[in-house]
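Notes for the structure review
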Amino acid sequence: MSDKRHIVVIGGTSGLGLASAEYLLNQGYDVTVVGRKLPKARADLSFYKMDVTDEESVKSFFCKDEISRIDGLIYSAGKSIGRKPINEFSNLEYIKIHDVNLLGALFVFKYCYEYLKQSKGKVVIINSIAARTYSEFSGIEYTITKSALSGLVRHLSADWSKDSILINTIFPSMIETSMLEERLSSEEIKKLHESIPIGRIAKTKDIVGAIEFLISDKNTYITGSGIDLNGGKFLSS
Ligand SMILES: NC(=O)c1ccc[n+]([C@@H]2O[C@H](COP(=O)([O-])OP(=O)(O)OC[C@H]3O[C@@H](n4cnc5c(N)ncnc54)[C@H](OP(=O)(O)O)[C@@H]3O)[C@@H](O)[C@H]2O)c1
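None of the values given here were measured: they were computed from a predicted structure.

A word on the site of the ligand
Taken together, 29 residues surround the ligand, and among them T13, S14, R36, Y142 and T177 come closest. Within the backbone of G78, one N or O atom sits 3.4 Å away from an oxygen atom of the ligand. In the environment of the ligand, an oxygen atom lies 2.9 Å from a nitrogen or oxygen atom belonging to the side chain of K146. Burial of the ligand by the protein amounts to 93% of the accessible area it has alone, namely 880 Å². Broken down by secondary-structure element, the contributors of at least two residues to the shell around the ligand are α1 (15-26), α4 (140-160) and α5 (178-183).

This is the structure in structure tokens:
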């Protein structure tokens with residue numbers, strides 16, 4: 001491995017995770033993307049297969065001999081589900097969301113801790129505006145699991161401060177990725193653009209700079225914190 005800082009992007013195979021990986025590569029970092037499947041067109045990326053819901057799969061990635069150092073980790077793996085009334089709640093559906101959004105993060109931090117301790121590393125968790133308010137378009141399962149990630153960040157930042165590991169989160173509102181396009185009609189997407197003070201839904205390029213700042217050497221003192229990236233959604237007239 002080179003002298004460049006090595007960043008691992010969990011859920012780096014599509015959407016915001018992939019855009020972050022590409023941005024970091026362009027900024028001169030070594031980047032490894034991790035997920036269940038690398039898109040066919042991206043054989044140029046350093047990729048490892050991992051299912052975050054399977055502890056053995058997570059463990060085997062972090063026990064690979066070829067990973068000598070991890071300076072930063074981005075947890076972007078996420079799953080959402082459409083909104084339904086609570087009387088249609090399904091435990092089975094909830095578990096699927098919970099396992100990717102929350103349990104997977106716990107497995108990842110269990111096994112990457114020693115690397116981060118050694119490098120005094122940085123972590124960014126991709127959260128959501130759902131954790132700051134609620135989710136307009138995804139179900140309660142998404143709001144709950146994303147809110148729990150905020151607790152995870154607070155707790156680990158307290159535990160890890162003695163090791164100089166900095167862990168933070170970002171809270172984006174809607175971003176133009178497949179997750180959004182699969183969920184909403186073009187009419188709903190148009191309305192959404194209009195509902196944001198800045199006048200448009202975020203593109204991944206609006207978000208990646210904040211992720212890079214938190215994971216870079218420029219961040220020397222922020223931990224247990226989060227950045228709202230929502231085009232002014234919290235403003236009131
Ligand atoms: N899009 C938005 O509007 C929006 C807004 C706020 C926050 N976010 C958050 O941003 C993050 C990225 O979302 P996105 O919009 O970029 O969605 P996306 O394109 O669907 O990306 C989701 C990523 O999660 C990975 N993933 C899902 N299940 C996994 C599993 N079991 N094991 C390993 N990886 C898994 C996927 O990789 P594989 O399929 O290869 O496994 C993929 O790389 C999520 O945490 C989401 O909640 C998105």
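Brief notes about the pattern of salt bridges
One pass over the full model with this rule turns up 14 salt bridges. Note that D217 and R5 form a salt bridge whose closest N and O atoms lie 3.6 Å from each other. Of the two residues, D217 sits in the loop between α7 (204-215) and β7 (226-229) while R5 sits in the segment before β1 (6-10), which places them 212 residues apart along the sequence. Taking the relative accessible area as the measure of exposure, D217 reaches 55% and is therefore exposed. The partner of K233 in a salt bridge is E136, with the nearest N and O atoms 3.4 Å apart. Here K233 is found in the segment after β7, whereas its partner E136 is found in the loop between β5 (122-126) and α4, with 97 residues between them in sequence. Looking at K233, the relative accessible area reads 27%, which means it is partly exposed. Exposure remark for E136: the relative accessible area of 40% places this residue in the partly exposed category. Overlapping salt bridges bring together R5, K122 and D217 as one network.

Conventions and cut-offs
Residues numbered from 1 in each chain as written. Predicted model: local features only at pLDDT ≥ 70, side-chain atom pairs only at ≥ 80, totals over all residues. Heavy atoms only, no water. Near = heavy atom within 4 Å. Polar contact = N/O pair within 3.5 Å; in protein donor to acceptor, adjacent residues only side chain to side chain. Areas by Shrake-Rupley, 256 points an atom, 1.4 Å probe, with all protein chains shown as cover. Helix = DSSP H or I, 4+ residues; strand = E, 2+ residues; numbered from the N terminus. Salt bridge = Lys/Arg side-chain N within 4 Å of Asp/Glu carboxyl O. Buried < 20%, exposed > 50% of the residue type's maximum accessible area, 1.4 Å probe, protein only.

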